[in-house]
Amino acid sequence: MKKKRFGYARVSSHEQKEDRQLIALKENGVPETKIYIDRQSGKNFDRPQYQKLLRRLDKNSILFVKSIDRLGRNYSDLNEQWRIITKEKGADIVVLDMPVLDTRRDKNLLGTFISDIVLALLSYVAENERISIRQRQAEGIAAAKARGVKFGRPQVPLPDNFEEVHRKWRAKELTLNQAALACRLPKSTFFDKARAAERR
């Protein structure tokens, strides 16, 4: 019986393109209707299209992915999903960029052992890279802050009449609505600025 071919592609955001992954999957005989695409982080497997795909896999299925990090980046979760697909579902997995990760080959104990070791090593490297990226980002932000770079939206300067309006509002001469209107600020912004001024 000919096995059904499925494909999985993932990009981390809607701005990124999955074209190269789709071309590789189609070149390996995966019908377009059986390619599942998620546009979100690979840090866990709580992804709608991946979960939908997982439900369709069985012992007569082959799952193709372009590279192991498209499947996932979390070391322990990736190993667990590999086990579910290959052991519980009985499906095969083919990682196109890494021919040694092709469970159709060498179905003996040694072949399975080698495949499992390579997977463990690659998923460990993928997660370490993810952690390194996060650490480099944190270090970059800390260095920028030390240089005085400000993050987030720029502060809205206080209007010239703020102090006088704030005093009248606190003296209950103006309502919050009237005070915000007088300063040409949204009510929530006026209130936040008033609280900040009182803490100084």
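Details of the structure are given in the entry above.
Below is a summary of the structure that appears in this document. Since this is a predicted model, take the numbers as computed values, not measurements.

On to unusual backbone geometry. A positive phi angle, close to 65 degrees, is found at K172, a residue other than glycine. Its location among the elements puts K172 in the loop between helix 6 (162-170) and helix 7 (176-183). With a relative accessible area of 73%, K172 lands in the exposed category. Even without glycine at this site, R184 takes up a positive phi of about 55 degrees. With respect to the helices and strands, R184 occurs in the loop between helix 7 and helix 8 (187-199). A residue is classified by how much of its surface remains accessible, and R184, at 78% relative accessible area, is exposed.

A few words now on the pairing of strand 1 (residues 4-11). Counting buried residues in strand 1 gives 6 out of 8 residues, a clear majority hidden from the surface. The sheet contact formed by strand 1 and strand 2 (residues 35-39) spans 5 bridges and is parallel. In the sheet register, R10 faces strand 2, and the bridge partner there is D38. Crossover strand 1 to strand 2 through helix 1 (residues 19-27) is right-handed.

Here we take up the packing of aromatic side chains. Evaluated as defined, the whole model comprises 5 aromatic pairs. Seen from their ring centres, W169 and F190 are 5.5 Å apart, and the 85 degrees between their planes marks the pair as edge-to-face. With W169 in helix 6 and F190 in helix 8, this pair connects stretches of sequence that are 21 residues apart. Look at F190 and you get buried, because its relative accessible area is 0%. Linked through ring pairs, F162, W169, F190 and F191 together constitute an aromatic cluster.

All right, on to the layout of surface pockets then. One way to see where empty space is left: roll a probe the size of a water molecule over the atoms. Roughly 160 Å³ of internal volume is contained in the second largest pocket. Lining of the second largest pocket is provided by V11, Q16, K17, E18, D19, R20, Q21, K66, S67, R70 and D97. A per-element tally of the lining of the second largest pocket places helix 1 first, with 3 residues. The class makeup of the residues in the lining of the second largest pocket is 1 nonpolar, 3 polar and 7 charged.

Criteria and thresholds
- Residues numbered from 1 in each chain as written.
- Predicted model: local features only at pLDDT ≥ 70, side-chain atom pairs only at ≥ 80, totals over all residues.
- Heavy atoms only, no water.
- Helix = DSSP H or I, 4+ residues; strand = E, 2+ residues; numbered from the N terminus.
- Buried < 20%, exposed > 50% of the residue type's maximum accessible area, 1.4 Å probe, protein only.
- Pairing = 2+ DSSP bridges.
- Right-handed = clockwise from strand over helix to strand, strands pointing away.
- Phe/Tyr/Trp six-rings, centres within 6.5 Å; stacked < 30°, edge-to-face > 60°.
- 1 Å grid on protein atoms, 1.4 Å probe; cavity = no way out; pocket = protein on both sides within 12 Å on 5 of 7 lines; lining within 4 Å.
- Points joined across faces, edges and corners; volume = space filled by probe spheres on them.
- Nonpolar A, V, L, I, M, F, W, Y, C, P; charged D, E, K, R; others polar.

Shape descriptors only; they carry no functional weight alone.
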